[in-house]
Amino acid sequence: MTSKHLMNTYGDRALTLTRGEGPWLWDSDGKRYLDALSGIAVCGLGHCHPAVTRALGEQASTLVHCSNLYNIPAQQQLAARLSDISGMERVFFCNSGAEANEAAIKVARLYGHGKGIDTPTIIVMEQSFHGRTMATLTATGNRKVQAGFEPLLRGFVRAPFNDLEALETIARNNSSVVAVLVEPIQGEGGVRVPAEDYLQKVRALCDRQGWLMMLDEVQTGAGRTGTFFHYQQHNLLPDVVTIAKGLGNGVPIGACLTRGTAANVMQPGNHGSTFGGNPLACAAGLATVDTLLSEQLMERAAELGGRLQRALTEGLGDCPHVVEIRGRGLMMGIELTVPSAPVVARALEEGLIVNSTAERVIRLLPPLILSDEQADELVATLVPLIRAAA
Ligand SMILES: Cc1ncc(COP(=O)(O)O)c(C=O)c1O
């Protein structure tokens, strides 16, 4: 039952989940669910992965928090690990995706002022999602997220996603632009994958214009699409990239990674966070990253994504109300011509947790540790429900 003491932000929450292990969740009645959502792309290692649990236990009994007034070895180690993996140089730690994007937006504004631009402006995309703080909801391309919170912030212009010409037109007409902020695959917008050469072309345009290329990998990051960051499949380096969700396997942690000029615009006093990068969160982050690497889970995400894509295409390819099955690795969307929420509700009855986004898209974000048999079970449960949806 929903509590009257909680602010009314999430609507009715009928289900109470009390325990998790690997890809499984149990509710308060003891019913078991196959989790193909991972807390919205968070628990990539599955629930209560022993490596993360062990690291948390050890850190919790040593030092939970000390403030960024002091050195935090786990924070330094995680920053070094992320830099090694990504080709980026300097990391700011925070507690969520929205905060990671706030840091990116502030980096872009400092960068712009450094170039003598009075109103540094960031190009953001239609159908994007960047968070719920005032700056990130302004950046978000969804009126529902913004409505009622006006006045929005200045310093953003919007372009259609996956449309390079639109960016070139802005380049010709707006000399205040300092950066482009884009999700390499739009998540909340419906798992939209741009053209294969889109990100490369954005990179080239940013180079030509002196703009920062800022990627929001809050959802795509931490191995989900088959590489640690999705951009690593496109042979490029951004200037700024953000990550959160999957980085701590359930422990709140976010990060903004920077490179080149963007790595040096922040100076002491410009930005900060009480909790950001604290010992407990970084211990979880280190254990998560090390496990992703040692268990080769990024490769596994790519392989399993292929298996799911093939099985879903086989089961649904001839279904007239299925528009498209798309995604990369274990970030998949099944777009329907009909609302997707009823399918999600039926799946829950059948003991399968999936998600509905952009009204007609069923989103799958299963943990990267899913076995072949569990992936087959997911498909066997979901396909008949989708077939029956029209
Ligand atoms: C691409 C992207 N950016 C930012 C966010 C916001 O992250 P958080 O909810 O941790 O603030 C999300 C959350 O769904 C996201 O998908």
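What you see is a predicted model; the values in this text were computed from it and never measured.

Conventions used here
Sequence order sets the numbering: in each chain, residues are counted from 1 along the sequence as written. Since the coordinates come from a predicted model, pLDDT governs what is reported: local features require at least 70, and pairs of side-chain atoms require 80 or more to be given and counted, while whole-chain, interface and lining totals use all residues. Each side-chain value is derived from all of the structure's non-hydrogen atoms; neither hydrogens nor water enter the calculation. Residues belong to a common nonpolar core when they are buried Ala, Val, Leu, Ile, Met, Phe, Trp, Tyr or Cys residues joined through side-chain atoms within 4.5 Å. Accessibility here uses a 1.4 Å probe with only protein chains present; expressed as a share of the type maximum, an area under 20% marks a residue as buried, one over 50% as exposed, and anything in between as partly exposed. Residues are treated as being in contact if the distance between any of their heavy atoms lies within 4.5 Å. Note on definitions. A residue lies near a molecule or strand when any single heavy atom of the residue is within 4 Å of it. Any pair of nitrogen or oxygen atoms within 3.5 Å is treated as a polar contact; in protein, a donor-acceptor pairing is required on top of that, and neighbouring residues in sequence qualify only through side-chain atoms on both sides. Note that accessible areas follow from Shrake-Rupley with a 1.4 Å probe, and for residues the cover is restricted to the protein chains shown. Polar here means any residue outside two lists: the nonpolar Ala, Val, Leu, Ile, Met, Phe, Trp, Tyr, Cys and Pro, and the charged Asp, Glu, Lys and Arg; Gly therefore counts as polar. A strand pair is defined by DSSP finding two or more bridges across the two strands. What counts as a helix is a DSSP run of H or I of at least four residues, what counts as a strand is a run of E of at least two, and both are numbered from the N terminus. Whenever a helix is involved, its axis is fitted only over the stretch in contact; in every case the axis is a line through C-alpha atoms, and angles between N-to-C directions fall within 0 to 180 degrees.

1. Re the nonpolar core
Then, number 1: Formed by 84 residues in total, the largest nonpolar core has its most connected members in Phe228 and Ile334.
Then, number 2: When near neighbours in sequence (up to four residues on either side) are disregarded, Phe228 contacts Leu82, Ile85, Thr220, Gly221, Ala222, Gly223, Ile243, Leu247, Val289, Leu292 and Met298.
Then, number 3: In this structure, Val107, Ala108, Ala179 and Met214 belong to the second largest nonpolar core, which totals 21 residues.

2. A few points about the site of the ligand
Then, number 1: Around the ligand sit 13 residues in total, of which Gly97, Ala98, Asp216, Gln219 and Lys245 are the nearest.
Then, number 2: Ala98 is positioned such that a nitrogen or oxygen atom in its backbone is 2.8 Å from an oxygen atom of the ligand.
Then, number 3: One of the side-chain N or O atoms of Gln219 is found 2.8 Å from an oxygen atom in the ligand.
Then, number 4: Relative to its unbound accessible surface of 390 Å², the ligand loses 81% to contact with the protein.
Then, number 5: A class-by-class count of the residues in the shell around the ligand yields three nonpolar, six polar and four charged.

3. What about the sheet that holds strand S12 (residues 331-336)?
Then, number 1: Here four strands make up an open sheet; going across it, the order is S11-S12-S15-S14 and the pairing antiparallel. Each edge of the sheet is formed by a strand with only one pairing partner; in this case those strands are strand S11 (322-328) and strand S14 (355-357). Going across the sheet, the axis of each strand differs from the next one's by a mean of 25°, ignoring polarity.
Then, number 2: By the bridge criterion, six bridges tie S11 to S12 in an arrangement that is antiparallel. Considered in S12, the bridge of Glu324 is made with Glu335.
Then, number 3: Packed on one face of the sheet, helix H10 (residues 297-316) meets S11, S12 and strand S15 (361-364) and runs near 175° to S11.

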